[in-house]
Amino acid sequence: QGLSSPMLRCPSQRLLDRIVRRYAEVPDAGSIYMDHLTDQDKLRLLYTLSVNSHPILLQIFPNVEGWPFPRYLGSCGRLVVSASTRPLRDFFGAAPEVAADLALQLLAVLRSMGNNDLNYFFYFTHVDAGTFGVFSNGHLFIRDASTLGIIDKEEGSQLIDGQQEYKDIFSCLTVDCQSALVSCNSITEQHSLVMVCQELLPKLLKGKFPQPVQDKIDSFLQHCADGLANDRGVSDAVAKLAELLKPLRSCDSRFAYRYPDCKYSDKY
């Protein structure tokens, strides 16, 4: 209780069970009981969750199961080894068809993180140009998962009144203990979309397309960025933006993650 990690701001028993069961830094990873965790293992897990939950997220929602994260290869202390990606900032000056493709992938990732078969709702507490990365095949992933929060749509949050004031022994090492915490109930599925429309998509799509297409893109982005008080307006603006961007992509070998499939499938 009380860990400052965004991942555990709104905990559920189902999420905690998944963490314990899939924590890979123990000899008997996969056990449904905590008997296989020594006191040292438990302390290391709690410390990692407090300081940087990124490696834990990569373990419990693995790339091989389709989650949009780099593949987790291992860690040693604060050093995490994972598959390499280029940060999204490297693509702010990319060609229009590349920018359109990455913008559509970004919107698709956010949709999948809000609606998935396991009924976990992922939201960002912060995004910047290094949060997302791109593999050499053009596929976009979440490069830094340390600012991701998780809400269990199946069980709901089990945070009770008073827990917000509880402070664990690690949190004050890395964050301001007096910082205000957002209520779990106030976070909507449009939360991350608004942040991306404010911080990333304008830099990725600015001045890339001829008129009047560019004006329409800028207008949809502005509606999305201003939409915190109007969830429906955000959803509508994002849907219209996606429809506008789809025909602006190209289908060639630069996009190896979907080529040559895009030549034969309406999906692309």
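Structural data are supplied above this passage.
Residues numbered from 1 in each chain as written. Predicted model: local features only at pLDDT ≥ 70, side-chain atom pairs only at ≥ 80, totals over all residues. Heavy atoms only, no water.

Now for the overall build of the protein. A count of helices and strands for the protein gives eight helices and seven strands. For the protein, the residues scored as buried account for 46% of the 268 residues in total. Partitioning the intrachain contacts of the protein with sequence separation of at least 6 by distance along the chain shows that 71% fall at a separation of at least 24. Looking at the protein as shown, the accessible area adds up to about 13900 Å², and 51% of this sits on carbon and sulfur atoms. (Helix = DSSP H or I, 4+ residues; strand = E, 2+ residues; numbered from the N terminus. Buried < 20%, exposed > 50% of the residue type's maximum accessible area, 1.4 Å probe, protein only. Contact = heavy atoms within 4.5 Å. Areas by Shrake-Rupley, 256 points an atom, 1.4 Å probe, with all protein chains shown as cover.)

Another aspect to go through is the packing of helix 4 (residues 96-114) against helix 5 (residues 191-199). The interhelical angle for the contact between helix 4 and helix 5, taken along N-to-C directions, is 160 degrees, at an axis separation of 9 Å. In terms of orientation, helix 4 lies roughly antiparallel with respect to helix 5. The two elements helix 4 and helix 5 cross, and the hand of that crossing is right-handed. On helix 5, the residues touching Leu106, Leu107 and Leu110 of helix 4 are Ser192, Leu193 and Val196. (Axes fitted to C-alpha atoms, helices over the stretch in contact; angles between N-to-C directions. Parallel < 35°, antiparallel > 145°, perpendicular 65-115°, else oblique. Left-handed = near helix turned anticlockwise from the far one by under 90°.)

With that out of the way, let us pick up the state of the cysteines. In total, this model carries three disulfides according to the counting rule given. Paired through a disulfide, cysteine 197 and cysteine 224 show a sulfur-sulfur distance of 2.1 Å. On the sign convention where negative means left-handed, the S-S torsion of about 85 degrees between cysteine 197 and cysteine 224 marks this disulfide as right-handed. One end of the pair, cysteine 197, is in helix 5; the other, cysteine 224, is in helix 7 (residues 213-225), with 27 residues separating them in the sequence. (Disulfide = S-S within 2.5 Å.)

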